[in-house]
Amino acid sequence: MLSDITIGQFFPGKSVVHRMDPRMKLILIVAFIVVLFVVRNAFSFLLLTLCLGIIFAIAKIPGKAIWRGVKPILPLILFTAILNIFFVDGNTLVSFWIFRITDAGLKTAALMAIRIVLLIVGSSLLTYTTSPIALTDAIERLFKPLKVIHFPVHEMAMMMTIALRFIPTLLEETDKIMSAQKARGADLETGGILKRAKALIPILIPLFVSAFRRAEELALAMECRCYRGGEGRTRMKQLHLSTLDWISGSIVALVFVIAIIMNLFLPGTL
């Protein structure tokens, strides 16, 4: 299961999506999330899904990577759907014991499931097609106006990118520790919830030790390379919005506008 989590991974490529300015991609992802929580129309969700599919095809991201990113959150989607089905008031469709399945509950469950899936898939597209260094530069440039109020923009961007970058590393380390514990006879897959929770203690302790060791090694490596934060820092690659960025951004923004218009005027609200 741990190997299925693809958050933070970067798939190198030379597609149009990979070559887009990371600032434009960040803005479009934020806009996508806003639109995702504004619309409630089935046709709007279909349009957004189609748009994501086309972008993934252009970026040449394999379908297995998309499935691996969605697979770990299936229990969360199922749990959220069950809560909405049984605990949202509406017209009763089925009733048994103390539970009621309502029409509003089914609609809310479907709405939340679609939103969570599209949210994870759309957000993953950013890390799939943007290197950590480019992402750091983009975050820093977008939040640059906050330097007027002495906000540590560079430090915040660096922390966010390092945290995102080390998710796959820590997951790989966790998988190695679990395999080592299983080889020593540890039972991590049977028993009740409490027993499984206790079985995780021999995994969490070495994982924390490993995380602190990696953090210390990273700090030492940055210090040896004379890293002193963003003050006076120069960049080998300068960010410039090209014609490709403006055209691509305009097309995606037009799709978002159409999705909102469809949500307002077409039937089929979830």
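Everything below is about the structure printed above this text.
Notes on the structure in this doc start here.

## Overview of the side chain of Asp245
Step number 1: Among the secondary structure elements, Asp245 is positioned in helix H11 (residues 243–265).
Step number 2: Buried charged residue Asp245 carries no salt bridge. Nearest counter-charge: Arg23, at 6.7 Å.
Step number 3: Each residue touching Asp245, except ones within four places of it in the same chain, is listed here: Arg19, Met20, Asp21, Met24 and His240.

## A short note on the side chain of Arg23
Step number 1: Mapped onto the secondary structure, Arg23 falls in helix H2 (residues 22–38).
Step number 2: Residue Arg23 is classed as buried on the basis of its relative accessible area of 13%.

## Some points on unusual backbone geometry
Step number 1: Phi at Lys60 is positive, roughly 60 degrees, even though this residue is not glycine.
Step number 2: With respect to the element layout, Lys60 can be found in the loop between helix H3 (42–59) and helix H4 (63–70).
Step number 3: Its relative accessible area of 72% is what places Lys60 among the exposed residues.

## Details of the packing of helix H8 (residues 153–183) against helix H10 (residues 201–224)
Step number 1: Relative orientation of the contacting elements H8 and H10 amounts to 140 degrees, with a least axis distance of 10 Å. Judged by the inter-axis angle, H8 sits oblique to H10. Crossing hand, H8 versus H10: right-handed. Together, Ile162, Phe166, Thr169, Leu170, Glu173, Thr174, Ile177, Met178 and Gln181 of H8 and Pro202, Ile203, Pro206, Leu207, Ser210, Ala211, Arg213, Arg214 and Leu218 of H10 make up the contact between the two elements.
Step number 2: Across the contact of H8 with H10, the residue classes break down as 11 nonpolar, 4 polar and 3 charged.

## A word on the packing of aromatic side chains
Step number 1: A complete count under the given rule lists 2 aromatic pairs for this structure.
Step number 2: Note on Phe32 and Phe256: the rings are 6.1 Å apart at their centroids and 40 degrees apart in plane angle, and the pair reads as tilted. Here Phe32 is found in helix H2, whereas its partner Phe256 is found in helix H11, with 224 residues between them in sequence.
Step number 3: On the basis of relative accessibility, which here comes to 5%, the residue Phe32 falls in the buried class.
Step number 4: The class for Phe256 is buried, based on a relative accessible area of 7%.
Step number 5: Consider the rings of Phe56 and Tyr128, whose centres lie 6.3 Å apart with planes at 70 degrees: the pair is edge-to-face. With Phe56 in helix H3 and Tyr128 in helix H6 (residues 103–129), the pair connects residues that are 72 residues apart, well separated along the chain.

## Regarding the pattern of salt bridges
Step number 1: Summed over the entire model, instances satisfying the criterion amount to 2 salt bridges.
Step number 2: Arg23 serves as the salt-bridge partner of Asp21, at 3.0 Å between the closest nitrogen and oxygen.
Step number 3: Note that Glu173 is salt-bridged to Arg214, the shortest N-O span being 3.1 Å. One end of the pair, Glu173, is in helix H8; the other, Arg214, is in helix H10, with 41 residues separating them in the sequence.
Step number 4: A relative accessible area of 26% means that Arg214 is categorised as partly exposed.

Cut-off values and rules
- Positions within a chain are numbered from 1, following the residues in the order the chain's sequence is written.
- Whole-chain, interface and lining totals are the exception, using all residues; otherwise, since this is a predicted model, local features are given only for residues with pLDDT of at least 70 and side-chain atom pairs are given and counted only at 80 or more.
- Excluded from the side-chain calculations are hydrogens and water; all other atoms, namely the structure's heavy atoms, are used.
- A run of H or I in DSSP counts as a helix once it spans at least four residues, and a run of E counts as a strand once it spans at least two, with each numbered from the N terminus.
- Each residue is assigned to one of three classes by its accessible area relative to the maximum for its type, calculated with a 1.4 Å probe on protein chains only: buried under 20%, partly exposed between the two thresholds, exposed over 50%.
- Under the counting rule used here, the positive set is Lys and Arg, the negative set is Asp and Glu, and His together with the chain ends is not counted.
- The salt bridge definition used is simple: a Lys or Arg side-chain nitrogen within 4 Å of an Asp or Glu carboxyl oxygen.
- Contacts were defined at the residue level, with two residues in contact if any of their heavy atoms lie within 4.5 Å.
- The axes are straight lines fitted to the C-alpha atoms, using for helices just the contacting stretch, and the angles between their N-to-C directions are given from 0 to 180°.
- Every angle not falling under 35 degrees, over 145, or within 65 to 115 is termed oblique; those three ranges are roughly parallel, roughly antiparallel and roughly perpendicular.
- Each crossing gets its hand from how the near helix is turned against the far one by less than a right angle, where anticlockwise is left-handed and clockwise is right-handed.
- Residues are grouped as follows: nonpolar covers Ala, Val, Leu, Ile, Met, Phe, Trp, Tyr, Cys and Pro; charged covers Asp, Glu, Lys and Arg; every other residue, Gly included, is treated as polar.
- Only Phe, Tyr and Trp rings take part, Trp by its six-membered ring, and two of them pair if their centres are within 6.5 Å. Stacked means planes under 30 degrees apart, edge-to-face means over 60, and tilted covers everything else.

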